[in-house]
Amino acid sequence: MASTLVQFRTDEITRIKATNICEQLGIDLPTYMRICITRLVQENGIPFSMRIEEEEDSGVAAYKAMREASRIAEENGIADMTLDEINAEISEARKNRK
């Protein structure tokens, strides 16, 4: 099948942003455009979404995890256990598991 040239205009900022997104996805802008056109025809509509998920700061994720652990401890009445009490609970659970 013969190839044909398809051109379109867009502003420079949009082109740069699109190129950067494509690079993060491991493709170039012309490849993305070929994917879009091919899938558009195959699906007879816009068939997909490609997004770069924002990575959460590990410090934020750790903070959220600690807040959730504290909430669970409060709900179960164990929020103010000492380290010795926690270790005793762990030892008892290990004994019962055997």
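Small disclaimer: the values here were computed from a predicted structure and weren't measured.

**Describing the pattern of salt bridges**
- Enumeration over the complete set of coordinates arrives at 4 salt bridges.
- As a salt-bridge pair, Arg15 and Glu12 come within 2.5 Å of each other at their nearest N and O atoms. Residue Arg15 and its partner Glu12 are both found in helix 1 (residues 12-25); the two are separated by 3 residues, about one turn of the helix.
- Taking relative accessible area as the criterion, Arg15 reaches 34% and is therefore assigned partly exposed.
- Taken together, the shared-partner salt bridges in this structure form one network comprising Glu68, Arg71 and Glu75.

So, how was this worked out
Residues numbered from 1 in each chain as written. Predicted model: local features only at pLDDT ≥ 70, side-chain atom pairs only at ≥ 80, totals over all residues. Heavy atoms only, no water. Salt bridge = Lys/Arg side-chain N within 4 Å of Asp/Glu carboxyl O. Helix = DSSP H or I, 4+ residues; strand = E, 2+ residues; numbered from the N terminus. Buried < 20%, exposed > 50% of the residue type's maximum accessible area, 1.4 Å probe, protein only.

Functional significance is not addressed by these values, which are geometric in nature.
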